Amino acid sequence: MKFLPFLIAALTFWNLSMVTGQGFQAGVNAGYLMHLQPETYGLGPGVQAGVWASWPVTPTSRLQLSMGHRRLGGFNRLYLETGISSTPAETRRTVSAIQLTALRYLDAEAGWAFQPSPESPWSCYAGAYYAHLVHWQDFDFSITSIEKPGRRGIEITDPNWPVRNELNSGDVGLRLGVSYQLLDGLSAQFHLRKGFSDLVPGALFTDTSKDHLTAFSLGLSARLF
């Protein structure tokens with residue numbers, strides 16, 4: 001919901017600055033996405049928002065450059081580690097857990113948008129992107145059960161696992177999509193994003209599947225000028 005004010009502001013500017021749109025154009029976009037989870041064969045939710053600019057190449061095609069922010073949530077990758085140690089004075093049983101929940105990226109993209117005809121409300125898009133990892137979300141903890149003669153106790157600590165070492169710093173891929181013009185300067189968009197890099201190459205959270213991004217997004221694009 002944090003992108004709702006951004007979208008409202010974009011629509012306000014679009015309403016105040018509608019133009020014929022024959023030359024240089026620029027605007028904003030925002031939407032929701034769902035990405036596949038190789039480990040669980042499920043879906044993870046996400047959001048995205050960005051800015052774009054385009055230049056006409058032919059009457060029915062345009063070169064488009066864009067930058068944006070994207071959050072992939074719902075990973076729920078869990079790693080557990082157990083251990084036991086004993087001395088004459090005490091016995092310690094430890095369970096350590098770490099869970100990866102979300103990844104955040106900054107995207108830079110170049111693509112080609114084209115229409116079947118200048119009057120058609122439909123357009124298609126094909127582009128290539130580079131995504132740089134800027135943040136991730138995780139939590140970890142260790143619970144140790146301590147048994148001594150005549151007493152028991154529990155100790156909770158933060159193991160501070162080096163999660164950054166498990167993640168790929170970037171991703172490259174393709175984005176394909178279609179859009180439909182709802183009003184002059186406002187379009188609904190559907191896109192498929194396919195990445196070629198393993199997002200989580202480390203062995204801490206996985207040892208078989210490759211996390212190559214496959215995501216579907218639905219959103220709106222508003223032209224500001």
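Summary of the structure given here.

Quick word on the overall build of the protein
Helices and strands together make up the secondary structure of the protein, namely one helix and 10 strands. Sequence-ordered secondary structure for the protein, helices as α and strands as β, is α-β-β-β-β-β-β-β-β-β-β. Every one of the 225 residues in the protein was classed for burial, and the buried ones make up 42%. Long-range pairs, those at least 24 residues apart, make up 67% of the contacts in the protein with a sequence separation of at least 6.

Here's the deal with the pattern of salt bridges
Enumeration over the complete set of coordinates arrives at seven salt bridges. With a closest N to O distance of 2.7 Å, arginine 92 and glutamate 90 form a salt bridge. Since its relative accessible area comes to 18%, glutamate 90 is described here as buried. Lysine 148 is the partner of glutamate 90 in a salt bridge, and the nearest nitrogen-oxygen pair spans 3.8 Å. Taken together, the residues span a long stretch of sequence, with glutamate 90 in the loop between β4 (77–86) and β5 (91–114) and lysine 148 in strand β6 (residues 122–148) at a distance of 58 residues.

Some remarks on the environment of leucine 174
Topologically, leucine 174 is positioned in strand β8 (residues 170–183). Setting aside anything within four residues of it in sequence, one finds leucine 174 in contact with Gly127, Ala128, Tyr129, Leu192, Arg193, Lys194 and Phe196.

Regarding the nonpolar core
Counting 18 residues, the largest nonpolar core has Leu72, Leu100, Leu103, Tyr105, Leu167, Leu199 and Phe205 as its most contacted members. For this core, the element with the highest residue contribution is β5, accounting for four residues. If we ignore the near neighbours within four places in the chain, the residues touching tyrosine 105 are Gly68, His69, Arg70, Leu72, Ala131, His132, Leu133, Val134 and Leu199.

Digging into the packing of aromatic side chains
The full count for this structure, using the stated rule, is three aromatic pairs. Note on phenylalanine 24 and tryptophan 55: the rings are 5.4 Å apart at their centroids and 50° apart in plane angle, and the pair reads as tilted. With phenylalanine 24 in the loop between α1 (4–16) and β1 (25–37) and tryptophan 55 in strand β2 (residues 42–58), this residue pair connects regions lying 31 residues apart in the sequence. Take phenylalanine 24: its relative accessible area is 40%, and that puts it in the partly exposed class. Residue classification places tryptophan 55 among the partly exposed residues on the basis of a relative accessible area of 36%. Centroid distance phenylalanine 24 to phenylalanine 225: 5.8 Å. Interplanar angle 40°. Geometry classified as tilted. With phenylalanine 24 in the loop between α1 and β1 and phenylalanine 225 in the segment after β10 (212–223), this residue pair connects regions lying 201 residues apart in the sequence. Aromatic ring contacts, followed pair by pair, group Phe24, Trp55 and Phe225 into a single cluster. The positively charged end of arginine 193 is found above the aromatic ring belonging to tyrosine 129, 4.8 Å away from the centroid.

Brief notes about the pairing of β6
The pairing of β5 with β6 spans 23 bridges and is classified as antiparallel. Residue leucine 100 lies in a different strand from β6, and its bridge partner there is aspartate 138. Where β6 meets β8, 11 bridges bridge the pair, whose relative direction is antiparallel. When the bridges of β8 are listed, tryptophan 122 appears paired with tyrosine 180. Sheet topology note: the β6/strand β7 (residues 151–157) ladder contains seven bridges and is antiparallel. Residue pairing for β7: isoleucine 146 is matched across the bridge by glycine 153. Two successive antiparallel strands, β6 and β7, enclose a turn made up of two residues, where glycine 150 displays a positive phi of approximately 85°.

Definitions and cut-offs
Residues numbered from 1 in each chain as written. Predicted model: local features only at pLDDT ≥ 70, side-chain atom pairs only at ≥ 80, totals over all residues. Heavy atoms only, no water. Helix = DSSP H or I, 4+ residues; strand = E, 2+ residues; numbered from the N terminus. Buried < 20%, exposed > 50% of the residue type's maximum accessible area, 1.4 Å probe, protein only. Contact = heavy atoms within 4.5 Å. Salt bridge = Lys/Arg side-chain N within 4 Å of Asp/Glu carboxyl O. Core = buried A, V, L, I, M, F, W, Y, C linked by side-chain atoms within 4.5 Å. Phe/Tyr/Trp six-rings, centres within 6.5 Å; stacked < 30°, edge-to-face > 60°. Lys NZ or Arg CZ within 6 Å of the ring centre and 35° of its normal. Pairing = 2+ DSSP bridges.

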